[in-house]
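So you can see what is in the structure, the chains are spelled out below.
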There are 4 protein chains.
Amino acid sequence: MCAAKRRNPGSGARGAGLDSRAMTQADLTHQRLVRAALELFTTQGYHVTTTPEIAKKAGVAEGTIYRHFQSKQQLLNDLYRGGARWAAKLVKEADATPGGARDKLAALGRALVAATAREPAVAQLFFLQRHGSLLDDESRKTARDFRLALESLVAQGKAEGSIKAGAAELWAHVWLGVVSLALDHVSAREWPPDHAGVQPTLEAAWEAIRATV
Amino acid sequence: MCAAKRRNPGSGARGAGLDSRAMTQADLTHQRLVRAALELFTTQGYHVTTTPEIAKKAGVAEGTIYRHFQSKQQLLNDLYRGGARWAAKLVKEADATPGGARDKLAALGRALVAATAREPAVAQLFFLQRHGSLLDDESRKTARDFRLALESLVAQGKAEGSIKAGAAELWAHVWLGVVSLALDHVSAREWPPDHAGVQPTLEAAWEAIRATV
Amino acid sequence: MCAAKRRNPGSGARGAGLDSRAMTQADLTHQRLVRAALELFTTQGYHVTTTPEIAKKAGVAEGTIYRHFQSKQQLLNDLYRGGARWAAKLVKEADATPGGARDKLAALGRALVAATAREPAVAQLFFLQRHGSLLDDESRKTARDFRLALESLVAQGKAEGSIKAGAAELWAHVWLGVVSLALDHVSAREWPPDHAGVQPTLEAAWEAIRATV
Amino acid sequence: MCAAKRRNPGSGARGAGLDSRAMTQADLTHQRLVRAALELFTTQGYHVTTTPEIAKKAGVAEGTIYRHFQSKQQLLNDLYRGGARWAAKLVKEADATPGGARDKLAALGRALVAATAREPAVAQLFFLQRHGSLLDDESRKTARDFRLALESLVAQGKAEGSIKAGAAELWAHVWLGVVSLALDHVSAREWPPDHAGVQPTLEAAWEAIRATV
DNA sequence: CATGAATGAGTATTCATTCAT
DNA sequence: CATGAATGAATACTCATTCAT
């Protein structure tokens, strides 16, 4: 009575581009649907995008969508979770950067910009778009994983005394808020990743939250 | 295609609450529609809100909407322009504050928070929501008026040397981006206007853009 | 979020044909939808009948259906309940016939045949069609009212000694089962109400349940 | 448009349970599809039952259905014909019972109840369900074979003077109508085959059609 | 023979908008 | 001005059937 039960593991990873070796026909269709939906949801918005449109862009029949996703909303959630995991991985990698919180955040900022240049739609969907009540609990949990990882970076900075006192949650939010302004331009292809506005914006993000003497 | 031709002047002002003196029956209906739509658009989103829902919330018949607005989209634009003018007025008032750009921006930040506490939906609609291609040229122009006024404040700071060099547009954007984080919480009634997070956030907005030695 | 809330009382009665005086435009549309759906559900079956078909037959737009009924299924239930009340009224009238249970059942049999000749579709829908899980609790309750009234007639016959001992429910069921065979032919317009098969069938219904010496 | 061309003889017999001796893999799959469809069609109805559902219940892939049956409708017809032949055989066996029409019909009634207890779904499909225009000519012919056999029994009773004058067709119909009420309960597992309601109902069927002095 | 991904016509339902009253 | 019944195009989703593997 409902399709898309068998979730082949690693589909998220494949969505992000790596891996390959033995991609079945069905997996390819899945991919094309993901790319098509990602593109349309981010350029037009979820509600304005119709299922015939997604199918057409993916080059498949409309019914095929429902062999891969339970519903249009579920498709959005899959996309969103992919974005959240993608973002969380960047944070984890940045956390491995040697140095203090400042260095790690700087690395993260650059990584976010670079990744956004590579996958503008994913960044747009996860960082810049509001999805209100369309997200399910699982998606919210995945997003929280990202936020917690970022907050842990900020908490480290607080412990070092390099970031302002006050809720780590708040400063993580502020830092990301400023960085998002850069991501917005990059994602919209208004700014290439080495645009003159990027570096100052990332620095501004740091200055907004660094401890003041 | 035929309704809502007569533009009654001052409808924006009435939306903000002032004025009174001889409010006709029709004006009252207009008001109720504006409030209903504002509430629904901001809590649920434009696309999810249906015209029957708006009518019901306003306590009028479905068809009545079209005696006051040409279309649902036009209604959104009216609301948006109201918000833009409301915001522009706050900037203009802040500009009159004595002192340097820092003082004026500080005043503006406080005013934005206070105004958002009074009219959360208006702030939400104008500052926090993306409307993509729903806005018409007129609305975009009105929004630009606000942005230009804000940028002029920032430019003044740059001239004074208190704000970083670089595009005034960029720093206005950054400053507003951080302030918006506070407005978001206030608008969602998570933060009262005197919440402990407000002041630090406003300060962070300034620190993100102030000239560094 | 859902239509057809205002149930103007007497709509069932009007459906059965009586009453008139001040029939609004909306009531007329309601009527036409009822007749169209009745005809189609009984000739083709519920699942095979599509909403465009109903609308077309009623001479209205498809969306109009949903101003009068919450759903296709609700429309069926409305029809069914109308039939159940119509049938229950016949039982009550037959109960008023002077004489014993035999006379009353005979009167009821004739009344059912006559009524079926007048409203073949209503009889078909209520007596001859199975609706499985499509019926809601309200409909089931209304149908029970009819059955209980019939069983009370049978119980009276048992008390008189003119009907076999055993569950009144069973004999009511048997009697109606045989009578339904006649209704089936009448409803299908294979038999006019005075066809030679009618009277013997009604007598057979009685003989199936009358007490034997 | 290309499957299920080869009519493997005896598929009906296999459906009824007998026969065996070298049942190939394909025959087993056929069996499972038949049982699954029978179960679903009778519990839910034909239109509500989907082919994926049938396949799932049978434990085969969706496409496999079409290696055994040309279409969902053809599957129903196969099932129906199986039921009709099964019923016709019971009539023929009852006809061999020594004695008059009364004895033969009594034997048939008991046999029908017993068979229904063994194969509730088959009885339900053939006796209790209406299939309207879903049945093809072949199915209708098979059903007529059953009816004619039954009518011949009744005609014999008329010749003996033990059954009422009038169309044999009518009295066969009436007798079966009453017996079906019992079959209904037995098929629904509400009545075991030796339930107290069975015998009186079978007697009532006879009394409905027996000649009266 | 069996599979199951793909198909695309078909379905019930919604909703912005119109217009007679 | 206000009403609310009517509209019909548009929407997400289903399902019997096909066919390459």
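In this text, all values refer to a predicted model and were calculated from it rather than measured experimentally.

Rules of the game
- Residues numbered from 1 in each chain as written.
- Chains lettered and ligands numbered in written order.
- Predicted model: local features only at pLDDT ≥ 70, side-chain atom pairs only at ≥ 80, totals over all residues.
- Heavy atoms only, no water.
- Helix = DSSP H or I, 4+ residues; strand = E, 2+ residues; numbered from the N terminus.
- Buried < 20%, exposed > 50% of the residue type's maximum accessible area, 1.4 Å probe, protein only.
- Contact = heavy atoms within 4.5 Å.
- Areas by Shrake-Rupley, 256 points an atom, 1.4 Å probe, with all protein chains shown as cover.
- Near = heavy atom within 4 Å.
- Polar contact = N/O pair within 3.5 Å; in protein donor to acceptor, adjacent residues only side chain to side chain.
- Nonpolar A, V, L, I, M, F, W, Y, C, P; charged D, E, K, R; others polar.
- Salt bridge = Lys/Arg side-chain N within 4 Å of Asp/Glu carboxyl O.
- Buried area = accessible area lost by both parts, 1.4 Å probe.
- Axes fitted to C-alpha atoms, helices over the stretch in contact; angles between N-to-C directions.
- Parallel < 35°, antiparallel > 145°, perpendicular 65-115°, else oblique.
- Left-handed = near helix turned anticlockwise from the far one by under 90°.
- Least-squares fit on C-alpha atoms with pLDDT ≥ 70 in both.

A. Spatial organisation of the overall build of chain A. Within chain A, the regular secondary structure consists of 10 helices and zero strands. Helices and strands in chain A line up, N terminus first, as α-α-α-α-α-α-α-α-α-α. Looking at the 213 residues of chain A, the share that counts as buried comes to 50%. Taking all contacts inside chain A whose residues are at least 6 apart in sequence as the whole, residues at least 24 apart take part in 68%. When the accessible surface of chain A is summed, it comes to about 10,300 Å², and 53% of that surface belongs to carbon and sulfur atoms.

B. Inspection of the protein's contact with DNA strand E at higher detail. Contacts to DNA strand E come from 37 residues, most closely from A:Thr29, A:Thr64, B:Thr51, D:Ala26 and D:Thr64. If you look at DNA strand E and keep only atoms within 4 Å of the protein, 61% of those are sugar or phosphate atoms. One of the side-chain nitrogen or oxygen atoms of D:Thr64 is found 2.7 Å away from a phosphate oxygen of DNA strand E. Here a base nitrogen of DNA strand E and a side-chain polar atom of D:Arg67 are 2.9 Å apart. Where the surface near DNA strand E is concerned, the elements lending two or more residues are α2 (25–44) and α4 (65–68) of chain A, α3 (51–58) of chain B, α3 (51–58) of chain C together with α2 (25–44) and α4 (65–68) of chain D. No other element matches the three residues that α2(A) contributes to the surface near DNA strand E. Among the residues making up the surface near DNA strand E, the classes are represented as 11 nonpolar, 19 polar and seven charged.

C. Region of interest: the protein's contact with DNA strand F. As a structural note, the neighbourhood of DNA strand F is formed by 37 residues, with B:Ala26, B:Thr64, C:Thr29, C:Thr64 and D:Thr51 the closest of them. For DNA strand F, the fraction of atoms within 4 Å of the protein that belong to sugar or phosphate moieties is 62%. Within the side chain of A:Lys72, an N or O atom sits 2.7 Å from a phosphate oxygen of DNA strand F. The set of elements that each furnish at least two residues to the surface near DNA strand F consists of α3 (51–58) of chain A, α2 (25–44) and α4 (65–68) of chain B, α2 (25–44) and α4 (65–68) of chain C together with α3 (51–58) of chain D. Counting residues per element, the surface near DNA strand F draws most heavily on α2(C), which supplies three residues.

D. Structural context of helix α7 (residues 120–128) of chain B. Residues and elements named next belong to chain B. Most of α7 is tucked away: nine of the nine residues are buried. Looking only at α7, the buried set comprises Pro 120, Ala 121, Val 122, Ala 123, Gln 124, Leu 125, Phe 126, Phe 127 and Leu 128. The secondary structure elements touched by the buried residues of α7 are α2, α5 (72–95), α6 (101–118), α8 (137–160) and α9 (168–187).

E. Structural detail: the environment of D:Ile163. Residue and element names in this part refer to chain D. Along the chain, Ile 163 falls in the loop between α8 (137–160) and α9 (168–187). Since its relative accessible area comes to 3%, Ile 163 is described here as buried. Along the backbone, Ile 163 and His 68 are 95 residues apart, and their C-alpha atoms lie at a distance of 45 Å.

F. Structural view of the pattern of salt bridges. Under the defined criterion, the tally for this structure stands at 26 salt bridges over all chains. As a salt-bridge pair, B:Asp78 and B:Arg81 come within 3.4 Å of each other at their nearest N and O atoms. Here B:Asp78 pairs with B:Arg81, and both are found in helix α5, just three residues apart, close to one helical turn. Residues D:Arg81 and D:Asp136 are paired through a salt bridge, measuring 2.9 Å at the closest nitrogen-oxygen approach. Separated by 55 residues along the polypeptide, D:Arg81 in helix α5 (residues 72–95) and D:Asp136 in the loop between α7 (120–128) and α8 bring together distant segments of the chain. In this structure D:Asp136 comes out as partly exposed when scored by relative accessible area, which is 24%. Here the salt bridges do not stand alone but share partners, grouping A:Asp78, A:Arg81 and A:Asp136 into one network.

G. Structural context of the interface of chain B and chain A. Contact residues are listed per partner, giving 23 residues for chain B and 23 residues for chain A. Interface area for chain B against chain A, summed over the two sides, is near 1,800 Å², with a carbon-plus-sulfur share of 64%. Summed over the three residues of chain B that lose the most area to chain A, namely B:Arg130, B:Leu181 and B:Glu207, the buried surface amounts to 25% of that side. For the pair chain B and chain A, the interface holds four salt bridges.

H. Structural view of the packing of helix α5 (residues 72–95) of chain C against helix α8 (residues 137–160) of chain C. Residues and elements named next belong to chain C. It is the contact of α5 with α8, at a shortest axis distance of 8 Å, that shows an interaxial angle of 20°. By the angle class used here, α5 and α8 are roughly parallel. When you trace α5 past α8, the crossing you get is left-handed. From α5, Asn 77, Tyr 80, Arg 81, Ala 84, Arg 85, Ala 87, Ala 88, Val 91 and Asp 95 reach across to α8, where they touch Glu 138, Ser 139, Thr 142, Ala 143, Phe 146, Ala 149, Leu 150, Leu 153 and Gln 156.

I. Fine view of the relation of the copies chain B and chain A. Least-squares fitting of chain B to chain A yields an RMSD of 0.1 Å, with the superposition described by an axial translation of 0.0 Å and a rotation of 180°. What the rotation and shift describe, once combined, is the action of a two-fold rotation axis. Taking the C-alpha atom as reference, chain B places B:Ala208 closest to the rotation axis, 2.2 Å from it. Of the residues that chain B buries at the interface, 100% are likewise interface residues in chain A, meaning the two copies contact each other through the same surface.

J. Local environment of the environment of D:Tyr80. All names here are of chain D. Its place among the elements puts Tyr 80 in helix α5. A relative accessible area of 9% means that Tyr 80 is categorised as buried. Sequence separation between Tyr 80 and Phe 127 is 47 residues, and the spatial gap between their C-alpha atoms is 9.7 Å. Apart from the residues lying within four places of it in its own chain, the contact partners of Tyr 80 are Leu 125, Phe 126, His 131, Leu 135, Ser 139 and Ala 143.

K. Inspection of the side chain of A:Thr51 at higher detail. All names here are of chain A. Here Thr 51 shows up in helix α3. Under the relative-accessibility criterion, Thr 51 is labelled buried at 14%. A polar contact is formed between the side chain of Thr 51 and the side chain of Glu 62, at a distance of 3.0 Å.

In short, shape yes, function no, at least from these values alone.
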